[in-house]
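Okay, here's what each chain looks like letter by letter:
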Amino acid sequence: MTRSLSLTLALAFTAGVALAHEGVKDPDVMARMELMEDIKAATARIDKMRRGQAPFDAGKAAADRALLVEKAEAIPDAFARKAEDPKSEALPAIWTDWDDFTARAEEMAAAAASMRTGSRQALTGSFGDYAATCRACHEDFRMP
Ligand code: HEC
């Protein structure tokens, strides 16, 4: 790849991320949004594999599972400061019900760790419980 092409691609990628969070000024809010976007991307890769929209690859599925456990464990730190931003969808309950909030992050980490990545069928069987942990937290702690 030529240097200018890789630079163009790098800029295009950065612009895409910036657009998704246009106007977010608080760096901690930006960081926690990016954490959620990483979680969404890895979850989407696994979802595509189990639906047969992407070739099944046990190694890739296991790598994404490990990544998701790590990202779930990073949620409490990412929200530790009550950072605010007009673009944020975080609800104040996060900081008034902190133990509940961190318990939801632990549930996501546990469900991610329990995903069975050995076959497409096993992945499908364990994906529902995992995906439910996103909704469980968003319902109480993120604006609808
Ligand atoms: C422990 C709570 C919790 C869990 C678990 C959780 N989220 Fe979130 N998520 C949030 C909160 C709070 C926000 C809003 C953050 C903000 O706007 O400041 C959010 C925002 C998001 C966003 C929007 C990010 C942006 O760019 O603004 C996406 C996408 C997302 N979550 C995906 C997921 C997926 C997929 C899962 C499950 C695999 C998940 N989340 C699990 C709490 C959680």
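See the structure above.
Numbering of residues starts from 1 in every chain and runs along the sequence as written. The model is predicted, so local features are restricted to residues of pLDDT at least 70 and side-chain atom pairs to those at 80 or more, both for listing and for counting; the totals for chains, interfaces and linings are taken over all residues. With hydrogens and water set aside, each side-chain value is computed from the structure's full complement of heavy atoms.

A.B. asks: What should I look at first to understand the overall build of the protein in this one?
C.D. replies: Each helix is a run of DSSP H or I of at least 4 residues and each strand a run of E of at least 2, with the numbering of both proceeding from the N terminus. Each helix and strand counted, the protein has six helices and zero strands in total. Along the protein, helices and strands appear, N-terminal first, in the series α-α-α-α-α-α. Within the protein, buried positions represent 33% of all 144 residues. Across the protein, contacts joining residues at least 24 apart in sequence account for 70% of those joining residues at least 6 apart. Computed with the Shrake-Rupley method and a 1.4 Å probe, the accessible areas treat only the protein chains shown as cover for residues. For the protein, the computed accessible surface area is about 8,800 Å², with 57% contributed by carbon and sulfur atoms. Per-residue accessibility, obtained with a 1.4 Å probe over protein chains only, is compared with the maximum for each type, and a residue is labelled buried under 20%, exposed over 50%, and partly exposed between these values. Should any heavy atoms of two residues lie within 4.5 Å, those residues are counted as being in contact.

A.B. asks: Would you mind going over helix H3 (residues 58-78) with me for this structure?
C.D. replies: In this model, H3 (21 residues) spans 30 Å end to end at C-alpha, consistent with the 30 Å of a helix rising 1.5 Å per residue. Considered for burial, the residues of H3 that qualify are Ala61, Asp64, Leu68, Val69, Lys71, Ala72 and Ile75. Buried-residue contacts for H3 involve helix H2 (27-51), helix H5 (98-113) and helix H6 (120-141). In protein, a polar contact requires one atom able to donate a hydrogen and another able to accept it; more generally it is a pair of N or O atoms within 3.5 Å, and residues adjacent in sequence count only if both atoms are side-chain atoms. Of the residues flanking the start of H3, the one acting as N-cap is aspartate 57, its side-chain oxygen 3.0 Å from the backbone nitrogen of glycine 59. The span you would expect from a helix comes to 1.5 Å times its residue count less one.

A.B. asks: Help me understand the side chain of lysine 71, please; the structure alone is not making it clear to me.
C.D. replies: Along the polypeptide, lysine 71 turns up in helix H3. We classify lysine 71 as buried; its relative accessible area is 18%. Dropping the residues within four chain positions of it, lysine 71 is found in contact with Leu35, Asp38 and Ile39.

A.B. asks: Explain the layout of surface pockets here, please?
C.D. replies: Of the two site types, the cavity is a set of points on a 1 Å grid over the protein atoms alone where a 1.4 Å probe fits but cannot get out, and the pocket is an open set with protein on both sides within 12 Å along at least five of seven lines, each lined by residues with an atom within 4 Å of a point. Grid points are joined across faces, edges and corners, and a volume is the space filled by probe spheres set on the points. Taken as a whole, the largest pocket encloses approximately 720 Å³ of empty space. Forming the boundary of the largest pocket are 31 residues, of which Met36, Glu37, Glu89, His138 and Arg142 lie nearest the centre. Of all the secondary-structure elements, those providing two or more residues to the lining of the largest pocket are H2, H5 and H6. For the lining of the largest pocket, the leading source of residues is H2, giving eight residues.

A.B. asks: Would you explain the site of the ligand in this entry?
C.D. replies: Proximity criterion: a residue is near a molecule or strand once any of its heavy atoms comes within 4 Å of it. The immediate surroundings of the ligand are formed by 24 residues, with Met36, Glu37, Cys134, Cys137 and His138 found nearest. For the ligand, an oxygen atom lies 2.8 Å from a polar atom in the side chain of arginine 32. One of the side-chain nitrogen or oxygen atoms of serine 88 is found 2.6 Å away from an oxygen atom of the ligand. Think of it this way: if more than half of a molecule's atoms are within 2 Å of a pocket's grid points, that molecule is in the pocket or cavity. With respect to the detected pockets, the ligand is housed in the largest pocket. Of all the secondary structure elements, the ones that give two or more residues to the shell around the ligand are H2, H5 and H6. For the shell around the ligand, the leading source of residues is H2, giving seven residues.

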